[in-house]
Amino acid sequence: MKLLFGNKKNDLLSLLKKQDPAAQKIFYEQNVKRFLSVSKSYVSDLYQAEDCLIKAFCKIFKHIESFRGESNLDSWARRIVVNECLNFIKSHKTVFYLDEINQSFHEDIHESEIDCDFNAQELLDQLPDAYRMVFNLYVLEGYSHQEIADTLQITVTVSKTQLFRAKEKLRKIYFQQQKKMKNENVYR
């Protein structure tokens, strides 16, 4: 498919608004890997994450006419992917929120012990759904705690608690992995 004008983004958008299948294919191919990564960061099961992504693309193409250009198209579409994942999680009711912060786990972090060779997605996949959702919305999507509370229908305090717990859990998982790797290297 050849785009006609100098501004390829606007050309693609205008063709998407006309429900052009070739434009939909281009948009899909340009974004599928990135949006699957986003979907996977919320829904840890790959098949369910793919289902969410497919539904999100269907909504993007169905509702492209409602895109007003107040943000860029990629941001608008990403938000649809995130919302589809959140809807999936809510519909399966697998998320539980706890209000109390348990600060029993604190480790001293020494920069010399930190190894930057790790897979962030593997770490995120090990978080409970509630922690992962709040962490992703706050850190990756830039939501405020009030926006998270409104989106997930929880209190601001619960949002802050879940973020705190997610960070602590990630730190704990990371240091456990580092300790395991050091032990494996000692025995080699």
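Residues numbered from 1 in each chain as written. Predicted model: local features only at pLDDT ≥ 70, side-chain atom pairs only at ≥ 80, totals over all residues. Heavy atoms only, no water.

1. Points about the side chain of S39
Here's step 1: Take S39: it is sitting in helix α2 (residues 21-42).
Here's step 2: Not counting chain neighbours up to four residues away, the residues in contact with S39 comprise A49, C52, L53, V81 and C85. (Helix = DSSP H or I, 4+ residues; strand = E, 2+ residues; numbered from the N terminus. Contact = heavy atoms within 4.5 Å.)

2. A closer look at the pattern of salt bridges
Close approach of charged atoms allows side chains of opposite charge to pair.
Here's step 1: Summed over all chains, the structure comprises eight salt bridges.
Here's step 2: Note that K59 and E84 form a salt bridge whose closest N and O atoms lie 2.6 Å from each other. Residue K59 is located in helix α3 (residues 46-62), and its partner E84 is located in helix α4 (residues 73-92); the two are separated by 25 residues in the primary sequence.
Here's step 3: Judged by its relative accessible area of 8%, E84 is buried. (Salt bridge = Lys/Arg side-chain N within 4 Å of Asp/Glu carboxyl O. Buried < 20%, exposed > 50% of the residue type's maximum accessible area, 1.4 Å probe, protein only.)

3. Here we look at a nonpolar patch on the surface
Here's step 1: A cluster of nonpolar residues, Y138, V139 and L140, forms a patch on the protein surface that exposes about 250 Å² of accessible area.
Here's step 2: A relative accessible area of 41% means that L140 is categorised as partly exposed. (Patch = residues over 30% accessible without salt bridge, like charges linked within 9 Å, V, L, I, M, F, W, Y side chains within 5 Å. Areas by Shrake-Rupley, 256 points an atom, 1.4 Å probe, with all protein chains shown as cover.)

4. Some points on the environment of L53
Here's step 1: Mapped onto the elements, L53 comes out in helix α3.
Here's step 2: Between the C-alpha atom of L53 and that of I80, which follows or precedes it by 27 residues, the distance is 9.3 Å.
Here's step 3: Residues in contact with L53, not counting those within four places in the same chain, are V32, F35, L36, S39 and V81.

5. Some points on the packing of α2 against α3
Here's step 1: Where α2 meets α3, the axes come as close as 10 Å, and the angle between the chain directions of the two elements is 140°. Between α2 and α3, the angle is such that the two are oblique. Regarding α2 and α3, the two cross each other, and that crossing is right-handed. Contacts between α2 and α3 involve Q24, F27, Y28, N31, V32, F35, L36, S39 and K40 from the first element and L46, A49, E50, C52, L53, F57, I60 and F61 from the second.
Here's step 2: For the contact of α2 with α3, the per-class residue count stands at 12 nonpolar, three polar and two charged. (Axes fitted to C-alpha atoms, helices over the stretch in contact; angles between N-to-C directions. Parallel < 35°, antiparallel > 145°, perpendicular 65-115°, else oblique. Left-handed = near helix turned anticlockwise from the far one by under 90°. Nonpolar A, V, L, I, M, F, W, Y, C, P; charged D, E, K, R; others polar.)

6. What about the packing of aromatic side chains?
Here's step 1: In this structure the tally under the stated criterion is seven aromatic pairs.
Here's step 2: Ring plane angle 75° and centroid distance 6.1 Å describe the contact between F27 and F61, whose orientation is recorded as edge-to-face. Highlighted residues: F27 in helix α2 and F61 in helix α3, separated in sequence by 34 residues.
Here's step 3: The exposure class of F27 is buried, given its relative accessible area of 1%. (Phe/Tyr/Trp six-rings, centres within 6.5 Å; stacked < 30°, edge-to-face > 60°.)

7. Remarks on the confidence of the model for the protein chain
Here's step 1: For the protein chain, per-residue confidence averages 81 on the pLDDT scale, and residues scoring 70 or more make up 79% of the total.
Here's step 2: Mean pLDDT across the elements of the protein chain ranges from a minimum in helix α5 (residues 120-125), with 77, to a maximum in α3, with 95.
Here's step 3: Long-range and interchain partners of residues 98-115, a stretch whose pLDDT sits below 50, account for 29 contacts in this model, where long-range means more than four residues apart. (pLDDT = per-residue confidence, 0-100.)

8. Structural notes on unusual backbone geometry
Here's step 1: Located in the positive-phi region is Q19, a residue other than glycine, with phi close to 60°.
Here's step 2: Locating Q19 in the fold gives a position in the loop between α1 (8-17) and α2.
Here's step 3: Given a relative accessible area of 37%, Q19 falls into the partly exposed group.
Here's step 4: Unusually for a residue other than glycine, Q153 sits at a positive phi of about 60°.
Here's step 5: Mapped onto the elements, Q153 comes out in the loop between α7 (145-152) and α8 (156-186).
Here's step 6: According to the relative accessible area criterion, Q153 is exposed, its value standing at 68%.

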